[in-house]
Amino acid sequence: MFLKDIPLILIGTSIYAFGLVNLNIANNLAEGGVSGITLILYALFKFDPAYSTLLINIPLIIIGGKILGKRSLVYTVIGTLSLSAFLWIWQRVPIEINLQHDLLIVALLAGLLAGIGSGLVYKVGGTTGGSDIVARILEKNYGISMGRSLFALDVLVLLLSLTYIDLQRMMYTLIVSYVFSRVIDSILDGGYSAKGLLIVSNHSEEIAPILMTTLERGVTFLQGEGAFSGAEKKIIYIVVSAREISEIKRIVQEFDPTAFVSVLNVHEVEGEGFTYLRPQTSILRRKKVTE
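Everything in this summary refers to the structure shown in the same document. Nothing here was measured: the structure is a model prediction, and the numbers come from that model.

What follows is about the overall build of the chain. Regarding its fold elements, the chain presents eleven helices and four strands. Across the 291 residues in the chain, those meeting the buried criterion constitute 45%. A fraction of 75% describes how many contacts in the chain between residues 6 or more apart in sequence connect residues 24 or more apart. Taken as a whole, the chain presents about 15600 Å² of accessible surface, with 63% of it coming from carbon and sulfur.

Next up, the structure:
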């Protein structure tokens with residue numbers, strides 16, 4: 001696993017550093033977290049971000065290592081060192097991205113690259129140091145989404161960034177931070193976000209085969225008991241895409257208009273039918289099955 005994770009960390013930090021140098025610094029946009037602090041030092045004192053990233057992260061890495069364990073410490077050291085290295089490299093590679101000074105496009109693209117790069121690192125359990133360590137601690141101990149905690153920390157640093165950028169550019173940087181947080185959450189939530197449905201009905205055994213045939217999804221029976229009636233019931237549990245909910249409700253209503261249907265948020269789904277390709281069900285076939 002270690003040998004598979006390291007290339008992703010390197011690719012992620014390379015993407016993140018590329019966007020930071022060629023989009024944020026090139027267009028005088030700020031950044032959140034420790035990277036934002038390094039940009040403040042760069043703007044005010046011309047201190048190279050490649051070096052300030054290392055200096056600021058040393059005490060944070062020590063704290064993070066004690067809290068998150070040896071594996072996380074190793075991955076964080078690799079992430080921090082590679083980020084500093086790529087920051088040094090991209091500053092010396094003559095690349096110019098011409099977006100015709102459109103700060104909105106710059107902000108969206110900067111947030112996208114930062115989110116993809118950081119998301120790849122987080123996906124394998126690593127960090128790029130700085131506020132990433134704080135966000136991982138909050139996620140581990142309090143269950144707070146990394147994207148949300150990073151966004152909150154970024155806002156604090158953005159306020160400090162007003163020492164070298166105007167309010168307009170700070171607002172564009174806030175767009176960067178928002179896109180960054182959303183992309184990270186999307187990557188960490190998995191490749192397919194879905195909905196789980198609990199269906200309580202007296203006709204579960206009739207409904208389940210239709211759902212399996214029509215939607216080509218697996219169905220599980222959960223044993224339930226009515227608290228008032230004491231009657232045993234088979235509860236249907238099924239995980240589907242959001243666009244299939246209306247189809248399920250229609251099928252359930254045909255068999256049992258009084259059925260109880262609860263829709264749940266499913267943050268990550270893996271397995272056949274979601275992470276693997278499945279045959280497409282045609283409209284004609286669905287119509288034939290439900291007739």
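Still more ground to cover, so stick around.
Relative orientation and spacing of two packed helices are given, respectively, by the angle between their axes and the distance between those axes. Two elements in contact, helix α1 (residues 2-25) and helix α5 (residues 103-123), have axes whose closest approach is 7 Å; the angle formed by their N-to-C orientations is 160°. Taken together, the axes of α1 and α5 lie roughly antiparallel to each other. Between α1 and α5 lies a crossing whose hand is left-handed. Counting all contacts with α1, which are made through L8, I9, I11, G12, T13, I15, Y16, F18, G19, L23 and N24, the residues of α5 involved are V106, L109, A110, L113, A114, I116, G117, S118, L120 and V121. When grouped by side-chain class, the residues that make up the contact of α1 with α5 number 15 nonpolar, six polar and no charged.

Time to look at the packing of α1 against helix α2 (residues 33-45). Running from N to C, α1 and α2 point in directions that differ by 40°, and their axes come no closer than 13 Å. When the axis of α1 is compared with that of α2, the two are oblique. The crossing of α1 and α2 is right-handed. When α1 is examined against α2, the residues Y16, L20, N24 and I25 are found in contact with a partner set consisting of S35, L39 and Y42.

On the secondary structure map, K249 appears in helix α10 (residues 245-255). Here the alpha-carbon distance between K249 and V261, two residues twelve residues apart in the chain, equals 7.9 Å.

Moving on, we get to the environment of V179. Summarising the element assignment, V179 is placed in helix α8 (residues 167-188). By relative accessible area, V179 is classed as buried at 17%. Spatially, the C-alpha atom of V179 lies 8.5 Å from that of A107, the residues being 72 residues apart in sequence. Residues contacting V179, with those up to four places away along its chain left out, are L108, G111 and L112.

It is worth spelling out the sheet that holds strand β1 (residues 194-200) at this point. With respect to topology, four strands assemble into an open sheet ordered β2-β3-β1-β4, the strand pairing being antiparallel. The open sheet has two edge strands with one neighbour each: β2 (220-225) and β4 (260-266). Put simply, the sheet's adjacent strands are angled 25° from each other on average, direction ignored. Sheet analysis places β1 next to strand β3 (residues 232-240), joined by six bridges and oriented antiparallel. Counterpart to K195 in the pairing with β3 is V240. Lying over the sheet, α10 contacts β1, β3 and β4, oriented at roughly 10° with respect to β1.

With that out of the way, let us pick up α5. Between its first and last C-alpha atoms α5 spans 29 Å; for 21 residues at 1.5 Å apiece the expected length is 30 Å, and the two agree. Two or three places before L104, at the start of α5, stands the capping residue D102, its side-chain oxygen 3.1 Å from that residue's backbone nitrogen. Positive phi shows up at G125, right after α5, with a value of about 90°.

Glancing now at the pattern of salt bridges. This structure, assessed with the given rule, holds six salt bridges. One salt bridge in this structure joins E205 and K234, with 2.8 Å as the shortest N-O distance. Residue E205 is located in helix α9 (residues 204-215), and its partner K234 is located in strand β3; the two are separated by 29 residues in the primary sequence. Overall, the relative accessible area of 54% leaves E205 in the exposed class. By relative accessible area, which is 30% here, K234 ends up partly exposed.

On to the side chain of S131, then. On the secondary structure map, S131 appears in helix α6 (residues 131-142). Assessed through its relative accessible area of 12%, S131 is described here as buried. Beyond its immediate stretch of four places on either side in the chain, S131 contacts G33, V34, L150 and L153.

What follows covers the pairing of β2. For β2 and β3, the ladder comprises six bridges, and the chain directions are antiparallel. Bridge pairing in β3 places T220 opposite Y237. Linking β2 to β3, which pair antiparallel, is a turn of six residues; within it G230 sits at a positive phi near 75°.

A cluster of nonpolar side chains, L44, F45, F47, Y51, L55, I58, I62, W88, I89, V93, I95 and I97, forms an exposed patch at the surface whose accessible area comes to about 1100 Å². Broken down by secondary-structure element, the contributors of at least two residues to the nonpolar patch are α2, α3 (49-68) and α4 (70-91). Considering every element that reaches the nonpolar patch, the biggest residue donor is α3, with four residues. Note that I58 resides in helix α3.

Calculation criteria
- Residues numbered from 1 in each chain as written.
- Predicted model: local features only at pLDDT ≥ 70, side-chain atom pairs only at ≥ 80, totals over all residues.
- Heavy atoms only, no water.
- Helix = DSSP H or I, 4+ residues; strand = E, 2+ residues; numbered from the N terminus.
- Buried < 20%, exposed > 50% of the residue type's maximum accessible area, 1.4 Å probe, protein only.
- Contact = heavy atoms within 4.5 Å.
- Areas by Shrake-Rupley, 256 points an atom, 1.4 Å probe, with all protein chains shown as cover.
- Axes fitted to C-alpha atoms, helices over the stretch in contact; angles between N-to-C directions.
- Parallel < 35°, antiparallel > 145°, perpendicular 65-115°, else oblique.
- Left-handed = near helix turned anticlockwise from the far one by under 90°.
- Nonpolar A, V, L, I, M, F, W, Y, C, P; charged D, E, K, R; others polar.
- Pairing = 2+ DSSP bridges.
- Expected span 1.5 Å × (residues − 1).
- Polar contact = N/O pair within 3.5 Å; in protein donor to acceptor, adjacent residues only side chain to side chain.
- Salt bridge = Lys/Arg side-chain N within 4 Å of Asp/Glu carboxyl O.
- Patch = residues over 30% accessible without salt bridge, like charges linked within 9 Å, V, L, I, M, F, W, Y side chains within 5 Å.

Keep in mind that these numbers describe shape and distance, not what the molecule does.
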